Amino acid sequence: MKKIFFSIIAISFFIAACSKKSSTGGGAVTPPTVIDTSMYTMMPFAVGASVNINLMQNNTKYNSVVKKEYNSITAENAMKFGALHPSANTYNWTDADYLINFAQLNNKRVHGHTLIWYTSLPSWVTNFVGDSAAWENLLKTHIQTVVTHFKGKVVSWDVVNEDFEDTGVPRNSIWRQKLGNDYVARCFQYANQADPDALLFYNDYGHEYSAAKRTAIIAMLNDFKARGIPVHGIGMQFHITVGQSDANISAAINTAASTGLKVHISELDIRLNASAVQGLAYTNAMGVQQAARYKYVVKTYKAIPASQQFGITTWNVGDADSWIPGWQGAPDWPLPFDANYLRKPAYAAIIDGAK
Ligand code: XIL
């Protein structure tokens, strides 16, 4: 059935191409337009999505779009602390291993997200009672057990996520309270000991709207480099709004690149309803505006040195899967695919931006 459908489409494109030719007069017949494209095959760097394991397993459309369009995947939630390590002596690998298996069967890169974060922590951690040595052991054991489990399967990790406030002040997280300011550096050392081949990233949001925050992040990473702390990349989430300016997007990408580290746009989505209007409806005009922002992000990223282009990952696949409506408390359509996994204008814009 699917085959017949595609043949009909291909034939109609062929006829369209021929008739176009004859209307412009003589010469060789232009080959039919390639209709069955795949995003990652058209991109000069890796293009990824974060994925939801339940959808991967139960929604065949979702699963096949992931397979077809992307060459990198990240677990949206399945590798977070609470998901992998629900109690002190229990690790739950099932969902994450499903993803690894999918990636191996389909030749996809897996980026790990995230070893240490101030939130998504299980209560056994937030309620943990112990001296600084016991906390250090908890941190080290988690990092090294997880990195060792996925050694050779996960090529890169967000080692620490969201460790700064928007003001540029280090976040007063439970980790910092228990372990002191330099715990971040030790997280990178522990991860590196467990898998010396893994690329280690510091991941955060807000580089595009807070110069103070990105300056603080870059200062920390430059300090790590100077001290020989094993850090290889900077992840910028890029949960951005359609109104975000060219200047801010460029400043974020170019300052990150100035570190010489690999740069990952790690959680890209572009929201259309930042003022959280209830009952707003999607229009094609909104999709076109959004596409222009996607294109600008990709074009700016494409201009940094190729050796620093780790890739661009969107935060999930289709609009109906996005975390944004829940987080924002209002409808939105932040991704390149719609709720039926049809390509929105943003899809072509991403490919265009990389040309
Ligand atoms: C979000 C997921 O998308 C949600 O499903 C979950 O409920 C909360 O976390 N920054 C991050 C991601 O680094 O891990 C977050 O993901 C989105 C913001």
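Structural data are supplied above this passage.
Model, not experiment: these values are computed from the prediction. (Residues numbered from 1 in each chain as written. Predicted model: local features only at pLDDT ≥ 70, side-chain atom pairs only at ≥ 80, totals over all residues. Heavy atoms only, no water.)

What to know about the site of the ligand
Close contacts around the ligand come from Glu 76, Asn 77, Lys 80, His 113, Trp 117, Asn 161, Glu 162, Gln 237, His 239, Glu 267, Trp 315 and Trp 323, and that covers them all. Within the contact set of the ligand, a nitrogen atom lies 3.2 Å away from a side-chain nitrogen or oxygen of Gln 237. Here the ligand is seated within the second largest pocket. Per-class residue counts for the shell around the ligand are three nonpolar, five polar and four charged. (Near = heavy atom within 4 Å. Polar contact = N/O pair within 3.5 Å; in protein donor to acceptor, adjacent residues only side chain to side chain. 1 Å grid on protein atoms, 1.4 Å probe; cavity = no way out; pocket = protein on both sides within 12 Å on 5 of 7 lines; lining within 4 Å. Sits in = over half its atoms within 2 Å of the grid points. Nonpolar A, V, L, I, M, F, W, Y, C, P; charged D, E, K, R; others polar.)

Section: the packing of helix α11 (residues 246-257) against helix α12 (residues 284-302)
Where α11 meets α12, the closest approach of the two axes is 10 Å, and the angle between their N-to-C directions is 35 degrees. Relative to α12, the crossing made by α11 is right-handed. Along its contact with α11, which presents Asp 246, Ile 249, Ser 250, Ile 253 and Asn 254, the element α12 presents Arg 293, Tyr 296, Val 297, Thr 300 and Tyr 301. When grouped by side-chain class, the residues that make up the contact of α11 with α12 number five nonpolar, three polar and two charged. (Axes fitted to C-alpha atoms, helices over the stretch in contact; angles between N-to-C directions. Helix = DSSP H or I, 4+ residues; strand = E, 2+ residues; numbered from the N terminus. Left-handed = near helix turned anticlockwise from the far one by under 90°. Contact = heavy atoms within 4.5 Å.)

A look at empty space enclosed by the protein
For the structure on display, the rule yields two cavities of 30 Å³ or more. Every residue lining the largest cavity is listed: Met 39, Val 47, Tyr 70, Leu 268, Tyr 294, Val 298, Ile 312, Thr 314 and Ile 350. Looking at the lining of the largest cavity, the elements with two or more residues in it are α12 and β9 (309-314). When its residues are assigned to classes, the lining of the largest cavity shows eight nonpolar, one polar and no charged. A volume near 30 Å³ is recorded for the second largest cavity. Lining of the second largest cavity is provided by Ile 116, Trp 117, Tyr 118, Val 160, Asn 161, Glu 162, Asp 163, Ser 173, Trp 175 and Tyr 183. Mapped by element, the contributors of at least two residues to the lining of the second largest cavity are β3 (109-117) and β4 (156-161). A class-by-class count of the residues in the lining of the second largest cavity yields six nonpolar, two polar and two charged. (Points joined across faces, edges and corners; volume = space filled by probe spheres on them.)

Some details on the pattern of salt bridges
Evaluation of the coordinates by the stated rule reveals twelve salt bridges. Between Asp 352 and Lys 295 there is a salt bridge, and its shortest N-O distance comes to 3.4 Å. Of this pair, Asp 352 sits in helix α14 (residues 345-353) while Lys 295 sits in helix α12, placing them 57 residues apart in sequence. Its relative accessible area of 33% is what places Asp 352 among the partly exposed residues. Across the pair Asp 319 and Lys 344 runs a salt bridge whose closest N-O atoms are separated by 2.9 Å. Residue Asp 319 is found in the loop between β9 and α13 (324-328), and its partner Lys 344 is found in the loop between α13 and α14; the two are separated by 25 residues along the sequence. Using a relative accessible area of 7% as the deciding quantity, one classes Lys 344 as buried. (Salt bridge = Lys/Arg side-chain N within 4 Å of Asp/Glu carboxyl O. Buried < 20%, exposed > 50% of the residue type's maximum accessible area, 1.4 Å probe, protein only.)

Let's talk about the environment of Ser 50
Relative to the assigned elements, Ser 50 resides in strand β1 (residues 47-51). With 26 residues separating them in the primary sequence, Ser 50 and Glu 76 have C-alpha atoms 4.9 Å apart. Not counting the four nearest positions on each side in its chain, Ser 50 is found in contact with Tyr 62, Thr 74, Glu 76, Thr 313, Thr 314, Trp 315, Asn 316 and Val 317.

No statement about biological role is implied by the geometric values presented.
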